[in-house]
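# Fold and contact review
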Amino acid sequence: MISYLIIVSDLLADLGRSVWGDCPQFFKDYRFWQAVVTVVVILPLCCVKKLDTMRFASLLAMVSVGYIVVLVVYFYFFGELSYEPEPIKLATFAPEAFAALPVFVFAFTCHVNLFPIYREMAHARFRRTQVVVIISLIICASIYIVVASFGYATAGPAVDSNIINNCAPATVGVARLSTSFLVTFSYPILLHPARCSLDTVVCRLKGDSWYPRVRFYTETLLLVGVTFFIAFFMRDLDFVLGVVGATSGSMISYVIPGWFYWVLWPAPHLHPRRLLAAALAFFGILLCVVCVTCLVLEEFF
């Protein structure tokens, strides 16, 4: 969620500088846009109690994703770069690759939304949930592969981390606006399971009957406020994504599923499935340690 606030505020500040050149200075300041988007759009959307309420906003976000995909592919075939791209390398190995691994983990960390989606799904069944998960991951992987492949093929090693910066200036404004819609409407979807987890902890300490309405809005304001202030002062997006992917991403994707399977699966300790679960958890811990170490070394040394 912190990275989403950084992205949307930077994109809208860049849009203000490129579109309204003679506008007041605060229109070009990321802090202004971060405050406006958080108060006017994100906070009201975070106050909804069901993910189903976000379906129209999510549809608009998917349209924004489709536009960016089409834009990147179109620019590969018909766009022109202002510089000569470096030769494309099909494969390379460098220490910086470990710093980039958490971004891949973060890109597929959708586990936290599984339980709210299952709870609100019509005719919820295990098989139906499997189909939803598989289709969602196939769509995500396809979009990632298309955008990454065509973006790298267009600009080579000089491709920007914000890939729309490599496209023609005439289309960048709309792309920035589309990406802003995408990350803005994705924030409440991520906050929903975070609030549920926080509420579970509070209920364990205070009981379910402890002012449920007040508790709901207090937890929402707390989570939005904490992420807002962290994003306000920490602006290094690559470092934030790397740390989030290396820590929480590794825990959610590898460590916790492996640990849960080891604890809950009724089988002998040396059963192949339990050994695979243990290996998965160990891999997550190793990935977390290695990636965080590489990120810290790259950032501060």
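With that settled, consider the overall build of the protein. Within the protein, the regular secondary structure consists of ten helices and zero strands. Walking the protein from its N terminus toward its C terminus, one meets helices and strands in the order α-α-α-α-α-α-α-α-α-α. At 21 Å, the protein has a C-alpha radius of gyration in line with the 19 Å of a compact globule built from 301 residues. Principal axes of the C-alpha set define a box for the protein whose edges measure 60 × 50 × 45 Å.

With that settled, consider the packing of helix α2 (residues 30-46) against helix α8 (residues 212-233). The contact between α2 and α8 brings their axes to 11 Å, and the two run at 160 degrees. One element, α2, and the other, α8, form an angle in the roughly antiparallel class. As α2 runs across α8, the sense of the crossing is right-handed. Counting all contacts with α2, which are made through Tyr-30, Arg-31, Gln-34, Ala-35, Thr-38, Leu-43 and Cys-46, the residues of α8 involved are Phe-216, Thr-220, Leu-221, Val-224, Phe-228, Ala-231 and Phe-232. Across the contact of α2 with α8, the residue classes break down as ten nonpolar, three polar and one charged.

Let us now look at the packing of helix α3 (residues 55-78) against helix α6 (residues 126-155). Relative orientation and spacing of two packed helices are given, respectively, by the angle between their axes and the distance between those axes. Running from amino to carboxyl end, α3 crosses α6 at an angle of 30 degrees, the nearest separation of the two axes being 9 Å. In terms of their interaxial angle, α3 and α6 are classed as roughly parallel. For the crossing formed where α3 meets α6, the hand is left-handed. Touching Val-65, Val-69, Val-72, Val-73, Phe-75, Tyr-76 and Phe-77 of α3 are Ile-143, Val-146, Val-147, Phe-150, Gly-151, Ala-153 and Thr-154, all from α6. Taken together, the residues of the contact of α3 with α6 break down into twelve nonpolar, two polar and no charged.

Moving on, we come to the pattern of salt bridges. In this structure the tally under the stated criterion is two salt bridges. Between Asp-29 and Arg-31 there is a salt bridge, with the nearest N and O atoms lying 2.9 Å from each other. For Arg-31, a relative accessible area of 40% gives the class partly exposed. The salt bridge partner of Asp-199 is Arg-215, with a shortest N-O separation of 2.4 Å. One end of the pair, Asp-199, is in helix α7 (residues 169-206); the other, Arg-215, is in helix α8, with 16 residues separating them in the sequence.

Conventions we followed
- Residues numbered from 1 in each chain as written.
- Predicted model: local features only at pLDDT ≥ 70, side-chain atom pairs only at ≥ 80, totals over all residues.
- Heavy atoms only, no water.
- Helix = DSSP H or I, 4+ residues; strand = E, 2+ residues; numbered from the N terminus.
- Rg over C-alpha atoms; globule rule 2.2 N^0.38 Å.
- Axes fitted to C-alpha atoms, helices over the stretch in contact; angles between N-to-C directions.
- Parallel < 35°, antiparallel > 145°, perpendicular 65-115°, else oblique.
- Left-handed = near helix turned anticlockwise from the far one by under 90°.
- Contact = heavy atoms within 4.5 Å.
- Nonpolar A, V, L, I, M, F, W, Y, C, P; charged D, E, K, R; others polar.
- Salt bridge = Lys/Arg side-chain N within 4 Å of Asp/Glu carboxyl O.
- Buried < 20%, exposed > 50% of the residue type's maximum accessible area, 1.4 Å probe, protein only.

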